[in-house]
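Here's the letter readout for the chains.
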Amino acid sequence: MAKHTETSWKPDKPINQLFNSVNKVTSAVEQAASHPSEQMIEQAHNALERADNGLTNTLKIEDNEEALQQLQEQLDDNRELLQQAEAQAIKNEQ
């Protein structure tokens with residue numbers, strides 16, 4: 001019998017989509033931090049922009065304020081780490 005992933009059986013609710021999007025941002029930022037290249041940083045920025053848009057849309061329809069606040073904080077942390085990765089990339093170019 002095939003195993004289901006943790007999210008495979010969950011309904012495709014906006015909060016779940018946002019959670020997945022924020023996880024993608026975290027992954028992209030971690031990659032950009034460990035390999036601070038222009039391409040990795042751009043990918044992280046794109047993921048962050050999509051998650052920010054998702055958060056804006058989810059805030060309009062979701063009432064789980066605690067979960068949304070945690071996701072917002074995670075995005076803010078990722079934004080800060082991405083800025084550090086960008087600074088490191090600039091430093092590496094010099």
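Residues numbered from 1 in each chain as written. Predicted model: local features only at pLDDT ≥ 70, side-chain atom pairs only at ≥ 80, totals over all residues. Heavy atoms only, no water.

Student: Help me understand the packing of helix α1 (residues 14-34) against helix α2 (residues 38-61) in this model?
Tutor: Describing two packed helices takes the angle between their axes plus the distance from one axis to the other. For the pair α1 and α2, the least separation of the axes is 8 Å and the interaxial angle reads 160 degrees. Taken together, the axis directions place α1 and α2 in an arrangement best described as roughly antiparallel. The chirality of how α1 crosses α2 is left-handed. Taking contact as the criterion, the partners of Pro14, Ile15, Leu18, Ser21, Val25, Ala28, Val29, Gln31 and Ala32 in α1 are, on α2, Met40, Ile41, Gln43, Ala44, Ala47, Leu48, Arg50, Ala51, Gly54, Leu55, Thr58 and Ile61. (Axes fitted to C-alpha atoms, helices over the stretch in contact; angles between N-to-C directions. Helix = DSSP H or I, 4+ residues; strand = E, 2+ residues; numbered from the N terminus. Parallel < 35°, antiparallel > 145°, perpendicular 65-115°, else oblique. Left-handed = near helix turned anticlockwise from the far one by under 90°. Contact = heavy atoms within 4.5 Å.)

Student: Looking at this model, I keep getting lost on the side chain of glutamate 62. Mind explaining?
Tutor: Inspection of the secondary structure assignment puts glutamate 62 in the loop between α2 and α3 (65-93). Those residues in contact with glutamate 62 that lie beyond four places of it in its chain are Ile15 and Leu68.

Student: Would you take a moment to explain the pattern of salt bridges for this structure?
Tutor: It is possible for side chains bearing opposite charge to pair when their charged atoms get close. In total, this model carries two salt bridges according to the counting rule given. Aspartate 52 is the salt-bridge partner of arginine 79, the closest N and O atoms lying 2.6 Å from each other. Of this pair, arginine 79 sits in helix α3 while aspartate 52 sits in helix α2; the two residues are 27 residues apart in sequence, bridging distant segments of the chain. Arginine 79 is the partner of aspartate 76 in a salt bridge, and the nearest nitrogen-oxygen pair spans 3.0 Å. Remark: arginine 79 and aspartate 76 occur in helix α3; sequence separation between them is three residues, near one turn of the helix. The exposure class of aspartate 76 is partly exposed, given its relative accessible area of 36%. Owing to a relative accessible area of 25%, arginine 79 belongs among the partly exposed residues under this scheme. Through salt bridges that share partners, Asp52, Asp76 and Arg79 make up one connected network. (Salt bridge = Lys/Arg side-chain N within 4 Å of Asp/Glu carboxyl O. Buried < 20%, exposed > 50% of the residue type's maximum accessible area, 1.4 Å probe, protein only.)

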